[in-house]
Amino acid sequence: MTAVAVPATRARARVVRPVLVRLGTSVLVLWGAVTVAFAGLHLTPGNVVDLLIGANTVTPEVRARIVADYGLDRPLLVQYVTYLGRVLHGDLGQSYQLHQPVASAIGEQIGSSVQLMLASFALAVVVAVTVAVLTAGRRWARAVFSGVELVGISIPSFWAGILLLTVFSFGLGLFPATGGEGVESLVLPSVAMAIPVIATLSQVLREGLELTLEEPFVLTARSRGMSDLGVRLRHALRHALLPTVTLAGWMVSYLFGGAVITESVFSRQGIGRLTLTAVTNKDLPVVMGVVLIASLLYVVINILLDLLYLAIDPRLRGA
Amino acid sequence: MTTSTIVSPGVVIGRRRRRVPRAGVWAAAAFLLVVAVIAIAPGLVAHGSPDLTDALAALRPPDGEHLLGTDANGRDIFTRIVYGARPSVLAGLAATALAVTGGTLAGLLAALGGRVPDEVVMRVVDVLLSLPGLLLALLVIAVAGPGTLNAVFAIAAYTLPGYARLVRAQTMVIRRSGYVEAAVSLGLTKARIIARHVLPNAFAPLLVLATIEVGTALVAASSLSFLGLGPRPPAPEWGAMLSAGRDYFSVAWWVAVFPGLAITLTVLSVTVVGRHLQRRVEGRLS
Amino acid sequence: MSTSIRLPAAVFVSLSLALTACGTGDGGAAAAKAPGGPVKGGTLTFGVNTEPSTCLDPHQSPADVAGLFTRPVLDSLVSLDTEGRIRPWLATSWTVSEDQKTYTLQLREGVKFSDGTPFDAAAVKANLDHIVDPATRSQLAAGYIEPYEGSEVVGPHTVKVSFSRPYSPFLSALATAYFGIESPRSLEQPQDALCKKVVGSGPFVIDEYVVQKGITYHRNPGYDWAAEGAGHTGAAYLDKLEIKVITEDSVRLGALTSGQVDAIAGVPPVNVRQVRADPRLTITTRQAPGGNYNYYPNTTSGPFADKRVRQAFRDGIDFATIVQNLYFGAFQPAAGPISPATDGYDKTLEGKAKYDPATANRLLDEAGWSARDAEGYRTRDGRRLTIRWGFLKAFAREQRDTLAEQIQAEAKKIGFDVEFVAGTVNEWLEKYPKGDYDLMDFSWQRADGDTLRNLFDSSSIPTDAKFGQNAARLADKDVDGWLSDALDTTDQAERAELYAKVQQRVTDEAAVFPVYVFNYLLGAGEKVHGIGWEPQAYPTFYDAWVEQA
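Caption draft 1: Structural context of the overall build of chain B. Secondary structure summary: chain B contains 9 helices and 2 strands in total. Its helices and strands taken in sequence order, chain B reads β-β-α-α-α-α-α-α-α-α-α from the N to the C terminus. In terms of overall dimensions, chain B has C-alpha extents of about 75 × 45 × 35 Å along its principal axes. Within the span of chain B, comprising 286 residues, buried residues form 56% of the whole. Here the contacts in chain B between residues at least 6 apart in sequence split such that 70% fall between residues at least 24 apart. For chain B, the exposed area adds up to about 11,800 Å²; of that, 67% sits on carbon and sulfur atoms. Seen as two clouds, the 25 positive and the 14 negative side-chain charges of chain B have centres 16 Å apart.

Quick look at the structure:
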């Protein structure tokens, strides 16, 4: 295959600039998330101290400490800066309902959620790539799978989860319904969560594949006697993968939200259920903490994907 | 190199549009019509009250008397699904309407308000888009408390950025196309230009996006109800029905299947019709 | 008691597990089928529906599930057997002074906490003082020994506990896990640390408690001070014990049927028949003592201030039939305020309640709620007969939300408009102490008949200053008098007579709408044996063992 030759300096500029832009945006996003969380706290009617404490009681000393920690006796701007500073130091505050720091509450739960998200992400990529490669440009297969994908996009994940549980766990007894250990216990929840991702991803991939398959270089490859599958896998797929990177943001968002639902359907521990409980109990420090962690994750993943993008797109690599 | 812009799972704006068979579009439209009818006048289709309980008729499987069976309270599931159409669909529609309105205003402000408003609006949109939608909704509910109205606001908050981006982009295109300059040179006021030229041109793509996004909003609303953050019982909302029935699935499949089917078919129909519209509109534009 | 608002004790206790057994045989789950004797080793995994997520420490937490989670680690001074007799445990003997205000306890020697601290009189004093210390913010235990004046270390293994008034329920309170003896060294930590880990002298030691996941323990190898009457002596059989939190009923059941866990709490009533039919599984049930799952009308304001309206609600809804059908017979309809498994239960109330919609309608007409509006609800002077129910859906277990919806629909038939008002715990907390509600619901598990004092004594009326369980806000001088007399006497017959009077009075006053008697439904696999029952009705694992493959 032929990489477009680019002088080394220009290539470096092409690499460095988007990374800088991304970093800038990332900082902005994080700052925005902190601001949203702060605004959420202060827009809520009621005394801020009471909101932070939630459905609980604390001693006057703790109350005084909260006022001092958040600078609640000072002007709003100072409070904002104080809060920003604390977050910068990695201090997400204290959950007065769980009797522990928010960071440690999230820390206890996030591992399980990340496992689930990674599992369903991996599943989604494998299935979507397979489906797209096998169906692109093939009339009947494509028609059938388009229909399936439409259903996959439309089905709410909690219902998918319930159906999977009913059929495969309670009915056939093939997979365990819950449990933190073992790969088997990840199967059903990650499938439930992956369904809409698979459906979306395979559509985009197939569209990309079909466009690429019409490109001249594909014809060249074919004329050299390369097999159809070979062309699809070695040439077309690489090009088709590029547009899916734009899906990344949506996927991170989706998987995070999906965790809230999936974890509660399957009684799994995790950050999603932690959030849900916090919302029901009005444990605002935890909700704010999760919002911050989510945006951090979003930013990190986007940076990683940018790097991946460089790896996939030959034109962005140096000569 | 990117050929597709993904706003949400339902909305892939790309160069190629695959067609849904005509029969499928008709079927989807017909289904939506049915949903609309039962949402407006549930009494036409279902007889009896959706809240009528009967302890002695709990968890009856579907039969002649109870078309879709009964739930744990002995309530007729068919009647509840019919009466549930209104609360289930209305939340999604209201959230979409709110988001379209808010998004349009924000988009216009960004496109026409000058550099500073543009930067501010678009950065806010970036931030909102970077937060997981459901999480944003949960934050809204944590702050405002659960309930239908708050759920509507919560969903609007997380679908709004998409519309803002779209309206801004469309407006920019129109602005550069020359006829706004022409209108300005003719001495028209800004408001008039927006009303006469910008909005009508942005309308078609906005409608398409909104149609498809209604599906997303419906799923979001039913998810919130499922999580217990939607309308209060005994409202027969579909997501809430699934949530209330989840203890009984192991012995009564019909409690689990039918409300979920109602949601899925509605969302599916919205998506199919939305994509059809999208194809038509884009075909006309290009 | 401290003068601040406490955590919604009633809420958490309504999620609670049971106290005291009703005596359905001595064995644990599947004990009958045990092939050969108990074997040492292995892990037992137990799935539960709720957890003490806010705090593990039973001195602080009001949740009975805190007792379940900490009982493997904590021993008590005394235990309560299935006949309701007090038996020695960490205290070998005790004497009660003539005026019944002072208890002198002789303690067992040679007991060590798992952190190496020796158990002695000072440790007992440290524990009791810790419970009543306002800084502990005890939401239940402190209330159980309200007249506590102090403890005195008389000798290294002799401790004297004094009360400001005669206090007969002291020993039975001591037997609960809320009075589990923790290591005094561990008690020196901040309260928050105790919420995640408690250290005691029990047969197991906590490894780690992770909220939403569960708690793990390992055997305390040096354990040699089991309660009198336990199934064996010495260390526990199990190497490890795991309690997993599985909140979804269907998922928890699925975990049991697929063998992922060895036993579960709270077999869903709808699945009881299915589990019974499965030869690989067994179900053991225990009736919980204390206040049944009841609805409490606000007798001081709103429509329910009128006794006739209360009677109409209670008698105009067929609670018994609804309970029988909704729970498939797994829970019995309640006849009175407290369960048959409670000391002092008045059997004569059984069969007295009757479903009588005609009388209910007549009573409502008499009370002035005779007109009906367009939706069929009763009205008086143009105002609808609305009942604002502080129902907390987020904490509803055992399909209580389904039940509530059923009651709502049935109440509509006689003209009540029942509205669920409390959305979040915060709103609930806001309204409950102020009496800003018409109806509340909870169960209140406690083995002692003194539970009636928690539920109906005027001093238990919840206020901003004090969190009480008298949700009916009943202030009846006779009731207060009988309850106080019962504290002064240790004569069982006399106490039973006084408690019977209370039960009859609150029934006559319709100050409580009895709903169902909670049964602990424990499902277990065939390899599990010897799960015992805490004298106060949740499972214990000291004698438990699993067949090794």
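Caption draft 2: Examining the overall build of chain C more closely. Regarding its fold elements, chain C presents 17 helices and 26 strands. Expressed along its principal axes, the backbone C-alpha trace of chain C runs to roughly 75 × 55 × 40 Å. Within chain C, counting contacts between residues at least 6 apart in sequence, those at least 24 apart form 73% of the total. Only carbon and sulfur atoms are counted for the fraction: they give 49% of the accessible area of chain C, which is about 18,100 Å². In chain C, the 55 positive side-chain charges and the 71 negative ones have mean positions that sit 3 Å from each other.

Caption draft 3: Examining the pairing of strand 18 (residues 386-389) of chain C more closely. Residues and elements named next belong to chain C. Pairing analysis gives 4 bridges linking strand 18 to strand 19 (residues 417-420), with the strands arranged parallel. Across the sheet, residue Trp389 finds its bridge partner in strand 19, namely Phe420. Running through helix 13 (residues 400-413), the crossover from strand 18 to the neighbouring parallel element strand 19 is right-handed.

Caption draft 4: A look at the nonpolar core. Judged by nonpolar contacts, the single largest core of 290 residues is most densely connected at Phe46, Phe69, Phe313 and Phe416 of chain C. Excluding residues within four positions of it along the chain, Phe416 of chain C makes contact with Phe304, Val309, Phe313, Leu364, Tyr377, Leu385, Ile387 and Ala411 of chain C. Counting 18 residues, the second largest nonpolar core, distinct from the first, contains Ala156, Val167, Met172 and Ile174 of chain B.

Caption draft 5: The arrangement of helix 8 (residues 184-213) of chain A in detail. Residue and element names in this part refer to chain A. Under the 1.5 Å per step criterion, the end-to-end length of helix 8 is only 38 Å for 30 residues, more than 12% shorter than the ideal 44 Å. At Ala194, helix 8 is bent by approximately 45°, the largest bend along its length, and proline Pro196 sits one to four residues beyond. Summarising burial for helix 8: 26 of the 30 residues are buried, a large majority.

Caption draft 6: Fine view of the sheet that holds strand 15 (residues 371-372) of chain C. All names here are of chain C. The antiparallel open sheet is built from 3 strands, whose spatial order is 15-16-17. Each of the sheet's edge strands pairs with one partner strand only, and the pair in question is strand 15 and strand 17 (383-384). Judged from the 2 bridges that link them, strand 15 and strand 16 (residues 378-380) form a sheet pairing that is antiparallel. By the bridge assignment, Arg372 is partnered in strand 16 with Arg378.

Caption draft 7: Representation of the state of the cysteines within the structure. Residue and element names in this part refer to chain C. Overall, the coordinates contain 1 disulfide over all chains when judged by the stated rule. Residue pairing for Cys55: its cysteine sulfur links by disulfide to Cys195, the two sulfurs lying 2.1 Å apart. Every disulfide takes its handedness from the sign of the S-S torsion; for Cys55 and Cys195 that torsion is -85°, giving left-handed. Taken together, the residues Cys55 in the loop between strand 1 (43-48) and helix 2 (64-70) and Cys195 in the loop between helix 7 (191-194) and strand 8 (204-210) connect sequence positions 140 residues apart. Cys195 shares its class with Cys55; the two are buried.

Caption draft 8: Here's a closer look at the pattern of salt bridges. Per the stated rule, a full pass over the model turns up 41 salt bridges over all chains. Across the pair Arg86 of chain A and Asp91 of chain A runs a salt bridge, and its minimum N-O distance is 3.1 Å. What makes Asp91 of chain A partly exposed here is its relative accessible area of 31%. Among the salt bridges present, the one from Glu119 of chain B reaches Arg123 of chain B, with a minimum N-O distance of 2.9 Å. Highlighted residues: Glu119 of chain B and Arg123 of chain B, both in helix 3 (residues 115-130), separated by 4 residues, approximately one helical turn. We classify Glu119 of chain B as partly exposed; its relative accessible area is 37%. Of the residues examined, Arg123 of chain B reaches a relative accessible area of 29% and is grouped as partly exposed. Within the structure, one salt-bridge network assembled from shared partners comprises Asp51, Asp71, Arg75 and Arg80 of chain B together with Glu405 of chain C.

Caption draft 9: Expanded view of the side chain of Ser243 of chain B. With respect to the secondary-structure elements, Ser243 of chain B resides in helix 8 (residues 238-245). Looking at Ser243 of chain B, its side chain comes within polar contact range of the main-chain oxygen of Phe226 of chain B, at 3.0 Å.

Caption draft 10: Looking closely at the side chain of Ser269 of chain B. Residue and element names in this part refer to chain B. Tracing the sequence through the fold places Ser269 in helix 9 (residues 253-285). Ser269 sits in the buried class, given a relative accessible area of 5%. Within the structure, the side chain of Ser269 is placed 2.7 Å from the backbone oxygen of Leu265, a separation counted as a polar contact. Dropping the residues within four chain positions of it, Ser269 is found in contact with Ala28, Phe31 and Leu32.

Caption draft 11: Structural detail: the packing of helix 9 (residues 216-223) of chain A against helix 10 (residues 228-245) of chain A. Residues and elements named next belong to chain A. In the contact formed by helix 9 and helix 10, the axes pass within 10 Å of each other and the chain directions differ by 155°. When the axis of helix 9 is compared with that of helix 10, the two are roughly antiparallel. Where helix 9 crosses over helix 10, the handedness of that crossing is right-handed. Of the residues in helix 10, those in contact with Phe217, Val218, Ala221 and Arg222 of helix 9 are Asp228, Val231, His235 and His239.

Caption draft 12: Broad picture of the sheet that holds strand 5 (residues 102-107) of chain C. Residues and elements named next belong to chain C. Spatial ordering of the open sheet is given by 4-5-7-6, a layout of 4 strands whose pairing is antiparallel. Each having just a single partner strand, strand 4 (91-96) and strand 6 (148-155) make up the two edges of the open sheet. Put simply, the sheet's adjacent strands are angled 20° from each other on average, direction ignored. With 5 bridges connecting them, strand 4 and strand 5 associate as antiparallel partners. Within the sheet, the bridge partner assigned to Thr95 lies in strand 5 and is Thr104. Across the face of the sheet, helix 3 (residues 121-132) comes into contact with strand 5, strand 6 and strand 7 (158-163) while running at roughly 170° to strand 6.

Caption draft 13: Quick look at the interface of chain B and chain A. Each partner contributes to the interface: chain B provides 49 residues, whereas chain A provides 54 residues. Taking both partners together, chain B and chain A bury about 4,800 Å²; carbon and sulfur atoms supply 75% of that area. Run the count over chain B and chain A and you get 0 salt bridges. One can count 2 residue pairs in polar contact (both at pLDDT 80 or more) joining chain B with chain A. Counting only elements with at least two residues in the side of chain B that touches chain A, the list comes to strand 1 (5-8), helix 3, helix 4 (133-144), helix 7 (190-226) and helix 9 of chain B. Looking at the side of chain B that touches chain A element by element, the count peaks at 11 residues for helix 9 of chain B. Looking at side-chain class alone, the side of chain B that touches chain A contains 29 nonpolar, 13 polar and 7 charged residues.

Caption draft 14: Examining a negative patch on the surface more closely. All names here are of chain C. Taken together, the side chains of Asp485, Asp491, Glu494 and Glu497 define an acidic patch exposed on the protein surface. Structurally, Glu494 is set in helix 17 (residues 492-508). In this structure Glu494 comes out as partly exposed when scored by relative accessible area, which is 42%.

Conventions adopted
- Residues numbered from 1 in each chain as written.
- Chains lettered and ligands numbered in written order.
- Predicted model: local features only at pLDDT ≥ 70, side-chain atom pairs only at ≥ 80, totals over all residues.
- Heavy atoms only, no water.
- Helix = DSSP H or I, 4+ residues; strand = E, 2+ residues; numbered from the N terminus.
- Buried < 20%, exposed > 50% of the residue type's maximum accessible area, 1.4 Å probe, protein only.
- Contact = heavy atoms within 4.5 Å.
- Areas by Shrake-Rupley, 256 points an atom, 1.4 Å probe, with all protein chains shown as cover.
- Lys, Arg positive; Asp, Glu negative; His and termini not counted.
- Charge placed at Lys NZ, Arg CZ, Asp CG, Glu CD.
- Pairing = 2+ DSSP bridges.
- Right-handed = clockwise from strand over helix to strand, strands pointing away.
- Core = buried A, V, L, I, M, F, W, Y, C linked by side-chain atoms within 4.5 Å.
- Expected span 1.5 Å × (residues − 1).
- Bend = angle between axes of the 7 residues up to and from the residue.
- Disulfide = S-S within 2.5 Å.
- Salt bridge = Lys/Arg side-chain N within 4 Å of Asp/Glu carboxyl O.
- Polar contact = N/O pair within 3.5 Å; in protein donor to acceptor, adjacent residues only side chain to side chain.
- Axes fitted to C-alpha atoms, helices over the stretch in contact; angles between N-to-C directions.
- Parallel < 35°, antiparallel > 145°, perpendicular 65-115°, else oblique.
- Left-handed = near helix turned anticlockwise from the far one by under 90°.
- Buried area = accessible area lost by both parts, 1.4 Å probe.
- Nonpolar A, V, L, I, M, F, W, Y, C, P; charged D, E, K, R; others polar.
- Patch = residues over 30% accessible without salt bridge, like charges linked within 9 Å, V, L, I, M, F, W, Y side chains within 5 Å.

Nothing here speaks to function; it is geometry throughout.
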